[in-house]
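A structural walkthrough
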Amino acid sequence: MCIFCKIIAGEIPSKKAYEDNDILAFYDINPQAPVHILVIPKAHIPSVDAIDSTNSAIVAKIFETIPEIAKAAGITNGYRVISNCGDDACQTVKHLHFHILGGKQLSETMA
Ligand code: 5GP
Ligand code: ZN
């Protein structure tokens, strides 16, 4: 089981920000901004590169829920959503996740 599947199963503790039947959001253990939340599908999808017509509904649901998660976390002045995909992007956990970063003025650079 991957580390995020273990978090979903409750085998590894996390500070939850949002949960429903399909989605879990929890605070990143190594925050890169005052608010740093990871949003993941409960189904194991390895990365953005594995999104297709069979599983994209959960991705749509994640993006429908992100505004609610950001607002509930106290973000009021914008945020960045990032998904690292594959080795060149430094994806370290091979379970699809979207970083929500906010709570400060973020860098203009993306890469
Ligand atoms: P990636 O580098 O794959 O885009 O992002 C993985 C993220 O998962 C990193 O920001 C890292 O800090 C976070 N992370 C890794 N292991 C854990 C964990 O056990 N708990 C939490 N809350 N975050 C984790
Ligand atoms: Zn997984």
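Note: the structure precedes this text.
Residues numbered from 1 in each chain as written. Chains lettered and ligands numbered in written order. Predicted model: local features only at pLDDT ≥ 70, side-chain atom pairs only at ≥ 80, totals over all residues. Heavy atoms only, no water.

Side note on the nonpolar core
Going by this rule: As used in this record, nonpolar core signifies buried Ala, Val, Leu, Ile, Met, Phe, Trp, Tyr and Cys residues forming a set joined through side-chain atoms within 4.5 Å. Burial status follows relative accessibility: with a 1.4 Å probe on protein chains alone, a residue under 20% of its type maximum counts as buried, one over 50% as exposed, and anything between as partly exposed. Per the convention used, a helix needs a DSSP run of H or I reaching at least four residues, while a strand needs a run of E reaching at least two, with both numbered from the N terminus. Throughout, a contact is declared for two residues whenever any of their heavy atoms are within 4.5 Å.
Ranked by internal contacts, the top residues of the largest apolar core, which has 16 residues, are Ile37, Val39, Ile58, Ile62, Ile69 and Ile100. Elements supplying a minimum of two residues to this core: β2 (23-27), β3 (35-41), α2 (56-72) and β5 (98-102). Sort the elements by how many residues they give to this core and α2 lands first, with 6 residues. Those residues in contact with Ile69 that lie beyond four places of it in its chain are Tyr18, Ala25, Ile37, Val39 and Ile100. Formed by 9 residues, the second largest nonpolar core is a distinct cluster that contains Cys2, Ile7, Leu38 and Val93.

A look at the sheet that holds β2
For clarity, the cut-off: At least two DSSP bridges between two strands are required for those strands to pair. Simply put, an axis is a line fit to the C-alpha atoms, just over the touching stretch for a helix, and the angle between two N-to-C directions goes from 0 to 180 degrees.
The sheet built from 5 strands is open, its strands ordered β1-β2-β3-β5-β4 with antiparallel pairing. Edge positions in the sheet fall to β1 (16-19) and β4 (79-82), since each has one partner strand and no second. If you compare each strand with its neighbour and ignore which way they point, the axes differ by 20° on average. Looking at chain direction, β2 and β3 are connected through 5 bridges and run antiparallel. Note that in β3 the partner of Ile23 across the bridge is Pro41.

Brief notes about the coordination of the zinc ion (ligand 2)
Filter applied, for reference: Sites may look incomplete because water is not among the atoms; the donors themselves are N, O and S atoms within 2.8 Å of the metal, or within 3.2 Å for Na, K and Ca. For four-coordinate sites, all angles between 85 and 135 degrees define a tetrahedron; for four- and six-coordinate sites, opposite donors beyond 155 degrees with the remaining angles between 65 and 115 define square planar and octahedral shapes respectively, and all other cases count as irregular.
Looking at the zinc ion (ligand 2), one finds its protein donor set to be Cys2 (SG), Cys5 (SG), His44 (ND1) and His95 (ND1), positioned 2.1 to 2.3 Å from the metal centre. Given 4 donor atoms and angles of 100 to 119° at the metal, the environment of the zinc ion (ligand 2) is assigned as tetrahedral. Sequence spacing of the donors to the zinc ion (ligand 2): C-x2-C-x38-H-x50-H. In this pair, Cys2 is assigned in the segment before α1 (3-9) and His95 in the loop between β4 and β5, connecting sequence segments 93 residues apart. Across this residue pair, the class does not change: Cys2 and His95 are buried.

Some remarks on the site of ligand 1
Filter applied, for reference: Residues are labelled near a given molecule or strand when at least one of their non-hydrogen atoms is within 4 Å of it. Side-chain atoms alone can form a polar contact between residues adjacent in sequence; in general such a contact is a pair of N or O atoms within 3.5 Å, and within protein one must be able to donate a hydrogen while the other accepts it. In short, Shrake-Rupley with a 1.4 Å probe defines the accessible areas, and a residue's cover is counted only from the protein chains shown. Residue polarity follows a fixed list, in which Ala, Val, Leu, Ile, Met, Phe, Trp, Tyr, Cys and Pro are nonpolar, Asp, Glu, Lys and Arg are charged, and the others, Gly among them, are polar.
In the region of ligand 1, 16 residues are neighbours, and Tyr27, Asp28, Asn84, Thr92 and His99 sit closest. Here Asp28 contributes a side-chain N or O atom positioned 2.5 Å from an oxygen atom of ligand 1. Separating a nitrogen atom of ligand 1 from a backbone N or O atom of Ile29 is a distance of 3.3 Å. Relative to its unbound accessible area of 520 Å², ligand 1 is 85% covered by the protein chains. Going through the elements one at a time, α1 and β2 are the ones with two or more residues in the shell around ligand 1. Ranked by residues supplied to the shell around ligand 1, first place goes to α1 with 3 residues. Taken together, the residues that form the shell around ligand 1 break down as 9 nonpolar, 6 polar and 1 charged.

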